[in-house]
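Listed here are the chains, written in short residue letters.
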Amino acid sequence: MSTHVRPAVVERWHHIVEHSDEAALDDLIADDAVFYSPAVFTPQEGRDLTLAYLRAALAVFTGRDFRYVGEWYSDGSAVLEFTADLDGIHVDGIDLIRWDDRGRIISFKVMARPLKGLQALIPLMAAQLGQS
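Residues numbered from 1 in each chain as written. Predicted model: local features only at pLDDT ≥ 70, side-chain atom pairs only at ≥ 80, totals over all residues. Heavy atoms only, no water.

K.L.:
Honestly, the sheet that holds strand β3 (residues 67-74) in this entry has me stumped. Any pointers?
P.N.:
The strands making up a sheet associate through backbone hydrogen bonding, with each pair oriented either parallel or antiparallel. With respect to topology, six strands assemble into an open sheet ordered β2-β1-β6-β5-β4-β3, the strand pairing being mixed. Looking at which strands have only one partner, the edges of the open sheet turn out to be β2 (44-45) and β3. In the sheet, strand β5 (residues 89-99) pairs with strand β6 (residues 105-113) via eight bridges, with the strands oriented antiparallel. Bridged to Asp-92 within β6 is Arg-113. With respect to the sheet, helix α1 (residues 8-19) is in contact with β3, β4 (77-86), β5 and β6, its orientation differing from that of β3 by roughly 165°. Contacts from helix α3 (residues 47-61) reach β1 (29-36), β2, β4 and β6 within the one sheet, and its direction differs from that of β1 by about 60°. (Pairing = 2+ DSSP bridges. Helix = DSSP H or I, 4+ residues; strand = E, 2+ residues; numbered from the N terminus. Contact = heavy atoms within 4.5 Å. Axes fitted to C-alpha atoms, helices over the stretch in contact; angles between N-to-C directions.)

K.L.:
Sorry if this is basic, but what is going on with the layout of surface pockets here?
P.N.:
Take a probe with the size of a water molecule and roll it over the atoms, and the empty space left behind shows itself. Its boundaries defined by the atoms lining it, the largest pocket holds a volume of some 450 Å³. Residue lining of the largest pocket: 29 residues in total, with Ala-57, Leu-58, Phe-61, Leu-121 and Met-125 positioned closest to the centre. Looking at the lining of the largest pocket, the elements with two or more residues in it are α1, α3, β6 and α4 (115-131). (1 Å grid on protein atoms, 1.4 Å probe; cavity = no way out; pocket = protein on both sides within 12 Å on 5 of 7 lines; lining within 4 Å. Points joined across faces, edges and corners; volume = space filled by probe spheres on them.)

K.L.:
Would you mind going over the side chain of Asp-92 with me for this structure?
P.N.:
Looking at the secondary structure, you find Asp-92 in strand β5. The buried category is assigned to Asp-92, whose relative accessible area is 17%. Beyond its immediate sequence surroundings of up to four residues, Asp-92 is in contact with Phe-82, Thr-83, Met-111, Ala-112 and Arg-113. (Buried < 20%, exposed > 50% of the residue type's maximum accessible area, 1.4 Å probe, protein only.)

Nothing here speaks to function; it is geometry throughout.
If you want it as structure tokens, here you go:
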């Protein structure tokens, strides 16, 4: 873990993850936010798409031993390292989060590995996104 003080945006994100707090998620995402998926080449632009992907990820990772294992901060950005177990397949990755001066997320980029883990994640996310 970083020795720096955790930024308020990251505190809010941890609360959302720990409590599946969709109302708090709505308040945290900027109108012009962009989501970058590890499986989709095209950036998912706008608040609605960003929220859809983040809600899907929250649903997929709930109950799958998801946890953050490292954090690094800079002015207006953070890198959060995570691990999870997707039905016996280990996944680790990072969330690269950037926010504006109002404390709202403007960019959320996810990178996941190994390939087998990403291949397990893709259909789970697709199923969640298909429900929205």
